[in-house]
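Report on the structure
Each chain, written out:
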Amino acid sequence: MHHLNHKKDGGKTAVSECVLLCQFHHDICIPRRGYRLIRHPDATTTAYGPDGQILHSHSPPTLRGG
C-alpha cells in the first residue's frame, strides 16, 4: 500500500488514503523518479510524472452476475 499523503506531510493513516501498488512502482517510480499520485472519488488514479507525463488508471473491476 502507498499512502497518497504521508503522515509527515499531514496525511491520514487510513486505508481510504492509500492505493495498492506493485513493489516496483512503490519503491522506484514514486520516490526515486518523482511521480505523484492522485486518487479520484470513483477510485481511479492519475499519476503525474516529473517530465509532464500523465497516466490514467482504469476503473475498478465490477461484479458480474452469473
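Not measured: the values here are computed from a predicted model. (Residues numbered from 1 in each chain as written. Predicted model: local features only at pLDDT ≥ 70, side-chain atom pairs only at ≥ 80, totals over all residues. Heavy atoms only, no water.)

Along the chain, cysteine 18 falls in strand β2 (residues 18-19). Along the primary structure cysteine 18 and isoleucine 38 are separated by 20 residues, whereas in three dimensions their C-alpha atoms are 10.0 Å apart. In this view, cysteine 18 contacts Met1, His2, His3 and Arg39; residues no more than four positions away in its chain are not counted. (Helix = DSSP H or I, 4+ residues; strand = E, 2+ residues; numbered from the N terminus. Contact = heavy atoms within 4.5 Å.)

Considering soluble globular proteins, one finds that nonpolar side chains tend to be buried as a cluster. Core analysis: the largest hydrophobic core is formed by 7 residues, namely Leu4, Val19, Cys29, Ile30, Tyr35, Leu37 and Ala47. Here isoleucine 30 is in contact with His2, Leu21, His25, Tyr35 and Leu37, once residues within four sequence places are set aside. (Core = buried A, V, L, I, M, F, W, Y, C linked by side-chain atoms within 4.5 Å. Buried < 20%, exposed > 50% of the residue type's maximum accessible area, 1.4 Å probe, protein only.)

As a further point, take a nonpolar patch on the surface. On the surface, Met1, Val15 and Leu20 cluster together into a nonpolar patch covering about 370 Å² of accessible area. In this fold, valine 15 is placed in the loop between β1 (2-3) and β2. (Patch = residues over 30% accessible without salt bridge, like charges linked within 9 Å, V, L, I, M, F, W, Y side chains within 5 Å. Areas by Shrake-Rupley, 256 points an atom, 1.4 Å probe, with all protein chains shown as cover. Salt bridge = Lys/Arg side-chain N within 4 Å of Asp/Glu carboxyl O.)

By the element assignment, phenylalanine 24 lies in helix α1 (residues 23-29). Residue phenylalanine 24 is classed as partly exposed on the basis of its relative accessible area, which comes to 39%. Not counting residues within four places of it along the chain, the set of residues in contact with phenylalanine 24 comprises Cys29 and Arg33.

It is worth spelling out the environment of histidine 2 at this point. By the element assignment, histidine 2 lies in strand β1. The buried category is assigned to histidine 2, whose relative accessible area is 7%. With 19 residues separating them in the primary sequence, histidine 2 and leucine 21 have C-alpha atoms 6.6 Å apart. Apart from residues lying up to four places away in sequence, histidine 2 is in contact with Glu17, Cys18, Val19, Leu21, His26, Ile30 and Leu37.

Time to look at the side chain of threonine 46. Topologically, threonine 46 is positioned in strand β4 (residues 45-48). A distance of 2.7 Å separates a polar atom in the side chain of threonine 46 from a polar atom in the side chain of histidine 40. Aside from chain neighbours lying at most four places away, what touches threonine 46 is Arg36, Leu37, Ile38, His40, Ile54, Leu55 and His56. (Polar contact = N/O pair within 3.5 Å; in protein donor to acceptor, adjacent residues only side chain to side chain.)

None of this, on its own, says anything about what the molecule does.
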